Structure formats: C-alpha cells, structure tokens
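# Survey of secondary and tertiary structure
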Amino acid sequence: MTTTRHDRTDVLIIGAGASGATAAKVLTERGLRVVALEKGPWRTKETFSGDELASINRYDLWPDPLLNPRTHRTGADQPATEQLFCPVPQMVGGGTVHWQGWLPRFTEDDFRFHSVVGGVPGASLADWPITYAELEPYYTAVEWAFGVSGQAGANAFESFRSKGYPCPPMPMSRYAEKYHAGASALGWNSFPTPQAALSQPFDGRPATVLSAFAQQHGDPTGTRSSALNVFVPHAVATGRYDLRPDSYVREITVDERGRARGAVYEDAQGTLHEQRADVVVLACGAVETARLMLLSTSARHPHGLANDNDLVGRNVTFHEFSSAVATFDDPVYAWAGGGYVSASSFQFYAHDDDRGFAGGGHMASSGVGIPLPINWTMPDRPAWGAEAKRIDRELFNHSMAASMVVHDLPQHDNRVDLDDTVVDDWGLPVARITLTPHENDLAMGRFLIDRSAEIMEAAGATSVQRVYPERVTGNCSHQHGTTRMGDDPATSVLDRDCRAHTVDNLFVVDGGSFPTGTGANPTLTIMANAWRVADRIADGRDARTTS
Amino acid sequence: MTDDTFFDPHQRATIAAAMARMIPTDDVPGAAEAGTIDFLDRYLSGPGYVYAAPDGDGFETLTGRRLEAWTRRIAVVRERYVAGVELLDAAARRRGADFVDLGPEAQDQVLREVERPEGREEEADLARSQVTLYGAPVEVALQQTSAEVDLGFLPLLALHTRQGFYADPVYGGNRDHVGWQVIGFPGPASLAEVHQGLYTTIDYFADNRVHPGTED
C-alpha cells in the first residue's frame with residue numbers, strides 16, 4: 001500500500017481533546033504551524049441534541065465497544081475481559097464534549113502529596129516536579145478563556161488565586177440547596193461547584209438555558225464551554241492549525257537517533273499517510289497515549305517509545321466515583337440542569353493523619369446515576385416488575401446523590417499495557433488495564449461516603465443508602481499517571497516540562513503526566529498544564545530562532 | 001411497514017406480553033400503553049433507526065464503521081430475542097400454554113425462571129455481573145457500560161423496555177410521553193425544542209437561585 005507523505009510541520013499533536021486543543025491554541029497563537037491528528041470526527045453543535053438514548057445508551061459520544069474495546073483484569077494472574085473501562089469520547093473536543101464541566105483547582109498540597117502524607121506501603125507516591133504556584137497563572141488563563149462560573153473565596157480550602165471567576169455561580173439547584181443546608185448544619189464548608197457553563201453571556205456566547213440534557217450529552221446551544229467550542233476555534237482562527245479528523249494514528253515513527261520523526265496514520269478511507277514534524281505532542285488521554293507509545297516499537301525503542309525503564313503505562317489512576325443516595329419528602333428534581341449544577345465541599349479534601357488513611361477527595365451533590373429517565377437508578381432497585389415501577393414513580397423526583405471522588409493512590413503494578421488477544425477494528429492490540437484498588441482507596445471511599453451520608457441526613461433526608469466503592473470501574477472517565485513527570489529519569493517518563501527523558505522532541509500533555517491523580521476532577525489542571533507545556537515548547541523554539 | 005419490523009406475529013405478541021410484565025400497567029400506563037414493542041420491533045428491523053436526527057426530523061443514515069458495528073449488534077440481539085421467545089414458550093408449556101396465554105403471575109414466574117435458571121445460578125450471576133445498571137443494580141452506576149451484545153435475554157428485555165418507555169417518542173415508544181408522565185419528568189415537547197435551545201429546567205431550580213455572597 002502506498003503512503004501519502006505530507007510536508008514537515010513545526011509541531012504534530014496527536015489528539016484534539018482537552019489537552020491537545022489547549023496546546024494547539026497556545027502553539028498556533030505563538031506563531032507555530034501545527035498539524036493535529038484526531039481519531040474521531042469533528043462534530044459541530046448542530047449534530048447534538050437532547051437525546052438520552054443516542055448519547056448514553058447508543059455510544060453516539062462514547063467509543064462504541066464493538067469498534068474500540070478495552071480489556072480489564074484485577075491482577076496479572078487474572079484473565080482480562082472486554083469492558084468499556086473508563087471511556088472518553090474520541091472526537092474533536094474529547095471528554096469536554098460530554099462533560100458537565102466541574103472545574104475545581106487542585107490544592108498546593110496535591111503537588112507535594114508524598115511529602116505531606118509520607119510513604120504508604122504498596123503505593124508508588126511521588127511529589128510533582130512542579131508547584132501549584134507555577135501552574136496558578138495557567139489555571140486563571142483557562143478559567144477566563146472558558147468563562148467558568150464560580151464564586152472565588154467560597155471554597156475555604158482553596159489555595160491562593162490571582163483572579164476571581166469570570167462568571168457568577170450557576171443558579172442554585174434544589175439538590176445543591178439541600179447539600180449546602182446539610183453541610184452548613186454540620187458546620188462544614190461548601191461552595192457552588194465551579195462549572196464550565198455560562199451563567200451569563202460571555203465572549204460572544206449566550207448564557208445557558210439549563211437543559212436537562214447536559215452531563216454526557218453534546219451541547220446543541222454552545223453555552224457549555226469545551227475544547228471543541230473554545231480552544232479549537234481559537235487555534236483555527238490563527239490560520240496555522242491543520243486539524244485532520246478521522247485520522248487513526250498507528251505509530252509514532254522515529255529517526256535513526258531515536259528522536260520522534262512523525263506519525264503514520266490511516267484516514268477514513270483506509271489510506272495510509274505519514275506526517276513529519278520537528279516536535280511531536282501526545283494528547284490522547286492517559287490510556288490511549290500509553291497504548292500508542294507501547295505500539296511504537298523500533299530498534300532504538302524495542303519496548304515502546306520512551307519506555308526503556310518499563311514505566312510507560314504504570315502508576316495509572318482512575319478516580320472511582322460513588323455516592324450516598326438520599327431521598328427527600330419534598331422534590332429535589334435532581335435532573336434539572338443536567339443533574340450536576342451542584343454544591344461541593346473540600347471539607348475532607350486535605351490529608352489528616354487522624355483518619356488513618358492518606359489524602360481525601362472532592363465531595364459534591366449530583367443526580368442519581370445518570371439522572372434522566374432511561375438510565376436513572378437506585379441502589380438495589382429490581383431491574384423490572386411492579387416494584388421497579390413503583391420506585392421509579394415515587395423516587396425519580398425525590399432522590400439525589402451526595403457523591404465523592406476517590407483520590408486513588410498510584411501503584412507500580414496498576415498499569416495499562418497491550419492486550420495479547422483483543423484487537424480493535426483497525427487491527428491493533430487494545431489497551432489492557434490491570435488494576436487492584438489499594439486499601440487506602442477503599443478506606444477513603446468509605447470515609448467520604450459516610451461524611452456524604454451525614455450531609456444528607458443533616459439536610460433532612462428520609463432515607464440514605466451508602467454505596468461504598470469496592471472496586472475500580474473507571475466510571476468517571478478520569479485517567480492519569482501512565483507517563484508520570486519527574487526530575488529523576490530513573491523513576492519517571494517525562495521531565496518537568498512533560499518532555500520525554502529519552503526522546504527530546506516528544507511531549508505528553510494529557511493527564512498521563514500526573515504523578516498522582518489527586519482527589520479532584522482533573523481536566524482544568526490537564527488544560528492548565530498543557531498550556532504551560534505548550535509555552536515551554538514555544539519558548540524553546542523562540543530561543544533557537546533568536547540565538 | 002414490512003421493512004420496519006422484525007418479529008413474526010407470535011414473537012411480537014410474546015415479547016409484547018413480556019414487556020408488559022417488565023413495566024406493568026396499574027392505575028397509570030405501563031409498557032403496553034407506551035408502545036415499547038413498537039420501539040423494539042423497529043429497532044431490530046435494521047440499522048435505519050439507531051440515531052434520530054438531532055432536530056427529530058427523521059433518522060441518520062449510518063455509514064462505514066458505525067454501520068458495520070450496528071449491523072453486527074442488531075444481528076446478535078435479534079438472535080437473542082428469537083431464542084428468548086423459545087425459552088419463554090418452553091417454560092410456559094410446562095405450565096400448559098404458550099407464554100402469551102398465561103396469566104400475569106404465571107408470566108412473572110416464567111420470566112424469573114428464565115432470568116435465574118435453576119441449577120445454573122452461577123451462570124446467571126455471571127451474566128448479570130457484566131452489567132451494573134440493568135441486571136440487578138447493586139450499585140449506582142454513572143454510565144451505561146454494556147455493549148448490549150454482552151447481555152443475556154432478560155437484562156436485554158429489561159433494558160429495551162425501559163428505553164421504549166422513557167426514550168424520546170421519536171424512537172417509537174413513550175407514546176404521548178406517557179413514560180415521562182408516569183414519573184413526573186417534564187421533558188421537552190420534542191427533540192427540536194432542545195436542539196434550538198428553547199427547553200429549560202429553570203422552573204425546577206431552588207426558589208432562591210442566587211448564592212449567598214454573590215448578590216449584586
């Protein structure tokens with residue numbers, strides 16, 4: 001088969017989701033020519049609708065597991081089975097196309113977590129090589145590009161910020177109101193969850209209409225901010241962004257010295273192309289970036305790209321999400337606004353030695369499961385029959401969840417590698433996830449669910465069911481840690497600028513670079529870090545051209 | 001119409017009867033009134049009714065890999081339904097009649113028997129462990145994690161009944177929005193309403209919508 005060659009470009013970015021689109025915006029605005037290859041389609045808001053069946057049950061946004069399988073096992077001695085593990089939309093905009101857009105910042109301690117908590121047996125903890133202070137200007141930049149709605153100062157445990165939020169908080173939902181009331185009764189701090197949706201007109205876009213179809217649906221109104229409707233248009237406007245959707249990258253190629261040369265990819269017609277570049281940036285999400293690096297073997301990199309020390313794919317973390325599910329006599333309409341126009345608490349986010357486990361997590365109110373009718377559920381509800389119908393009728397408008405994000409600890413043997421039997425629809429081995437939760441993860445989950453239940457009880461709930469996480473399912477589509485950054489090449493894949501230690505023109509800008517996953521939703525930090533790394537890449541270019 | 005259906009008359013009557021036990025009719029409508037069988041029969045007719053157009057005007061034409069995947073998926077699900085009808089009838093005939101001719105309580109017994117075959121509990125549990133949401137929901141799942149092809153007959157039937165009851169009426173079920181009315185979900189009048197940004201849930205927010213400390 002012939003391969004179509006393309007002219008060399010300054011930077012090649014693989015992926016056009018949260019991190020890839022951020023990097024593209026910054027690099028093109030600083031004058032570099034960027035080619036971006038995105039596996040999925042480039043959709044517009046006109047293709048989205050309030051359709052729960054299509055969006056959630058029929059993989060309109062999810063990767064279809066028949067085409068894009070993954071496998072999962074709980075240990076290297078267990079068989080791996082096909083599972084839609086930690087899916088993220090594979091299209092221009094990536095996970096930000098389906099998200100509700102909760103955008104808390106990490107805290108100063110998150111970046112020095114190992115130092116704060118000390119060693120934990122079985123965990124491979126590491127401090128980040130960068131600090132909160134280094135990232136703070138980039139947090140602000142992303143918040144102001146996106147028009148984030150929030151209330152500066154309302155989170156008593158937030159680290160310093162140089163600027164407030166561009167939009168006031170979202171309107172108060174009834175379920176957020178319950179959450180605030182419960183937390184307040186206990187003397188605990190809570191705050192409106194900062195959100196990537198416009199509570200008022202911003203940057204030429206109107207305010208949100210608060211449709212019920214938000215979380216996991218594409219937004220037909222363009223009022224929920226995403227990489228698709230903010231950073232991609234910014235990059236396109238420069239005239240230097242050549243974004244090629246429906247382009248499946250099979251391999252990152254290297255030159256005779258082992259430096260990244262470019263990528264071989266397949267277009268929608270099955271034609272092979274090769275794109276060369278001075279710099280290659282990986283932005284496929286922690287799972288798929290690790291997979292692509294492991295697929296890219298060569299004489300100089302026989303175990304996969306930049307994988308001399310067998311660390312690519314290791315130390316993966318996933319943020320299991322679970323809830324205390326409460327019911328109330330008065331309706332809470334926990335689907336309104338998409339079920340996640342919420343209240344949050346960082347009351348138990350910081351580490352406390354007295355709890356008997358390391359770390360803590362973000363707690364927040366939300367709908368029950370997917371809060372719309374088809375996928376609404378309650379713990380222990382039968383799947384069918386008169387009783388199932390009764391529960392639907394009585395509780396759909398009267399139930400809500402007090403949820404939490406587990407700050408799961410990295411472990412050396414929790415990893416992504418290549419499955420030895422299952423291939424995707426393009427014929428390449430799929431990502432195999434090997435994962436056992438650490439006892440610390442489970443203890444933290446129990447603790448945070450108990451506190452969440454107390455909030456609901458203090459708010460006057462008539463019943464509360466605690467759903468303790470017992471395993472890791474990847475259910476909140478957060479993924480981090482497969483290519484961790486660090487100053488020591490022996491214990492990390494990337495340096496502090498997210499450049500591969502052993503391939504000096506290869507960068508990773510997605511959550512794979514996170515040494516620890518933290519206890520908060522990661523995408524704001526992923527974008528802030530991608531912005532920082534893109535600045536470093538452009539700085540390097542400027543230094544070369546002016547010297 | 002023949003292009004828009006899959007079941008033969010007996011299969012259709014059997015599945016319709018089983019769906020009527022999944023979401024039974026009581027003082028308010030159930031699966032029968034919502035037309036969940038129409039939803040399912042059209043879905044199984046082929047890949048022409050998988051995705052409604054975003055504004056609700058017709059259905060998308062699938063191509064390429066998506067068409068391949070849905071053609072495969074529907075083929076597997078069809079087989080499971082054909083076999084499921086036979087299972088239901090076999091179990092029903094031990095009680096002396098076809099499934100459709102049994103009373104509601106006997107139908108429930110047959111469905112439970114097919115769901116948890118005696119002596120094969122382990123197998124039934126294994127099938128359910130593939131799915132967190134529709135088999136025996138023991139936890140609050142955040143997302144739909146099944147591929148449909150990994151579900152057994154009963155979980156599939158429960159899933160599709162629920163979809164036919166609660167999905168937008170454009171898909172052929174939830175007739176006159178009865179599914180939404182039963183649970184009190186004031187959904188949009190049509191997909192177009194959401195698509196055009198006219199559908200809002202602001203009336204279901206708190207009475208005081210402004211956060212303390214952010215008043216003008």
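What you see is a predicted model, and the numbers here were worked out from it, not measured in a lab.

## A short note on the overall build of chain A
Counting its regular elements, chain A contains 10 helices and 17 strands. A globule of 547 residues ought to have a C-alpha radius of gyration of about 24 Å, and chain A, at 22 Å, matches this closely. If one aligns the C-alpha atoms of chain A with their principal axes, the spans along those axes are about 70 × 50 × 50 Å. Residue burial in chain A is summarised as follows: out of 547 residues, 69% are buried. Sequence-distant contacts, at least 24 apart, represent 74% of the contacts inside chain A between residues at least 6 apart.

## Structural notes on the interface of chain B and chain A
Facing 79 residues of chain B, the contacting portion of chain A comprises 80 residues. Taking both sides of the interface into account, the surface hidden between chain B and chain A amounts to around 6600 Å²; carbon and sulfur atoms contribute 57%. Summed over the shared surface of chain B and chain A, the number is 8 salt bridges. Linking Asp392 of chain A and Arg162 of chain B is a salt bridge whose minimum nitrogen-to-oxygen distance equals 2.8 Å. Linking chain B with chain A are 33 residue pairs in polar contact (both at pLDDT 80 or more), by the criterion used here. Every element with two or more residues in the side of chain B that touches chain A is listed here: helix H1 (9-22), helix H3 (36-43), helix H4 (64-93), helix H5 (104-115), helix H7 (153-166), helix H8 (178-183) and helix H9 (191-195) of chain B.

## Brief notes about the packing of aromatic side chains
Taken as a whole and judged by the stated rule, the model has 37 aromatic pairs over all chains. Aromatic side chains Phe106 of chain A and Phe111 of chain A sit 6.3 Å apart centroid to centroid with 50 degrees between the ring planes, which places their arrangement in the tilted category. The exposure class of Phe106 of chain A is buried, given its relative accessible area of 0%. Taking 6.4 Å as the distance between ring centres and 75 degrees as the angle between the ring planes, the aromatic pair formed by Phe213 of chain A and Phe185 of chain B counts as edge-to-face. Of the two residues, Phe213 of chain A sits in the loop between strand E5 (191-192) and helix H6 (227-237) while Phe185 of chain B sits in the loop between H8 and H9, which places them in two different chains. Using a relative accessible area of 6% as the deciding quantity, one classes Phe213 of chain A as buried. Three or more aromatic residues link up through ring pairs in this structure, and these residues are Phe213, Tyr333, Trp335, Trp376 and Phe396 of chain A together with Trp180, Phe185, Tyr199 and Tyr204 of chain B. Taking NZ or CZ as reference, Arg161 of chain A lies 4.1 Å from the ring centre of Tyr165 of chain A, over its face. Across from the ring centre of Trp426 of chain A, 4.0 Å away, lies the NZ or CZ of Arg65 of chain B, which sits over that ring.

## A word on the pairing of strand E2 (residues 34-37) of chain A
The two faces of the sheet receive side chains in turn, since in a regular strand these alternate between them. Residues and elements named next belong to chain A. Residues of E2 alternate between two faces, with Val34 and Ala36 on one and Val35 and Leu37 on the opposite face, all of them buried. In this sheet, E2 lies alongside strand E1 (residues 3-14) in parallel orientation, the contact comprising 4 bridges. Across the sheet, Leu12 pairs through a bridge with Val35, a residue of E2. Across 4 bridges, the pairing between E2 and strand E6 (residues 241-244) is parallel. Bridged to Val35 within E6 is Asp242.

## Overview of the UniProt feature "domain: Glucose-methanol-choline oxidoreductase C-terminal" (unreviewed entry) in chain A
Residues annotated by UniProt as "domain: Glucose-methanol-choline oxidoreductase C-terminal" (unreviewed entry) correspond here to residues 410-530 of chain A. Taken end to end, residues 410-530 of chain A is 23% helix and 18% strand, and its two terminal C-alpha atoms sit 22 Å from one another.

## Focus: the sheet that holds strand E15 (residues 429-434) of chain A
Residues and elements named next belong to chain A. On the basis of which strands lie adjacent, the open sheet formed by 4 strands has the order E4-E3-E15-E14 and mixed pairing. The open sheet has two free edges, formed respectively by strand E4 (81-82) and strand E14 (415-423), since each of these has just one partner strand. Note that strand E3 (residues 71-73) and E4 share 2 bridges and pair antiparallel. By the bridge assignment for E4, His72 is matched with Thr81. Those strands touched by helix H7 (residues 286-295) are E14 and E15, and its axis lies near 65 degrees from that of E14.

## Quick look at the sheet that holds strand E12 (residues 363-366) of chain A
All names here are of chain A. Strand order in the open sheet made by the 6 strands is E5-E11-E12-E13-E10-E16, with antiparallel pairing throughout. Only two strands of the sheet have a single neighbouring strand rather than two, namely E5 and strand E16 (463-466). Sheet analysis places strand E10 (residues 321-327) next to strand E13 (residues 399-405), joined by 7 bridges and oriented antiparallel. Its bridge partner lying in E13, Val325 is registered against Ala401. Helix H9 (residues 439-458) contacts E10, E12, E13 and E16 of the sheet and is inclined by roughly 145 degrees relative to E13.

## Description of the packing of H4 of chain B against H7 of chain B
Residue and element names in this part refer to chain B. Their axes nearest at 10 Å, the elements H4 and H7 cross at an angle of 110 degrees. In terms of their interaxial angle, H4 and H7 are classed as roughly perpendicular. In contact with Val77, Arg80, Tyr81, Gly84, Val85 and Leu88 of H4, H7 contributes Phe153, Leu156, Leu157 and His160. Its residues assigned to classes, the contact of H4 with H7 comprises 7 nonpolar, 2 polar and 1 charged.

Conventions and cut-offs
Residues numbered from 1 in each chain as written. Chains lettered and ligands numbered in written order. Predicted model: local features only at pLDDT ≥ 70, side-chain atom pairs only at ≥ 80, totals over all residues. Heavy atoms only, no water. Helix = DSSP H or I, 4+ residues; strand = E, 2+ residues; numbered from the N terminus. Rg over C-alpha atoms; globule rule 2.2 N^0.38 Å. Buried < 20%, exposed > 50% of the residue type's maximum accessible area, 1.4 Å probe, protein only. Contact = heavy atoms within 4.5 Å. Buried area = accessible area lost by both parts, 1.4 Å probe. Salt bridge = Lys/Arg side-chain N within 4 Å of Asp/Glu carboxyl O. Polar contact = N/O pair within 3.5 Å; in protein donor to acceptor, adjacent residues only side chain to side chain. Phe/Tyr/Trp six-rings, centres within 6.5 Å; stacked < 30°, edge-to-face > 60°. Lys NZ or Arg CZ within 6 Å of the ring centre and 35° of its normal. Pairing = 2+ DSSP bridges. UniProt positions renumbered as here; feature names shortened; annotations may be inferred. Axes fitted to C-alpha atoms, helices over the stretch in contact; angles between N-to-C directions. Parallel < 35°, antiparallel > 145°, perpendicular 65-115°, else oblique. Nonpolar A, V, L, I, M, F, W, Y, C, P; charged D, E, K, R; others polar.

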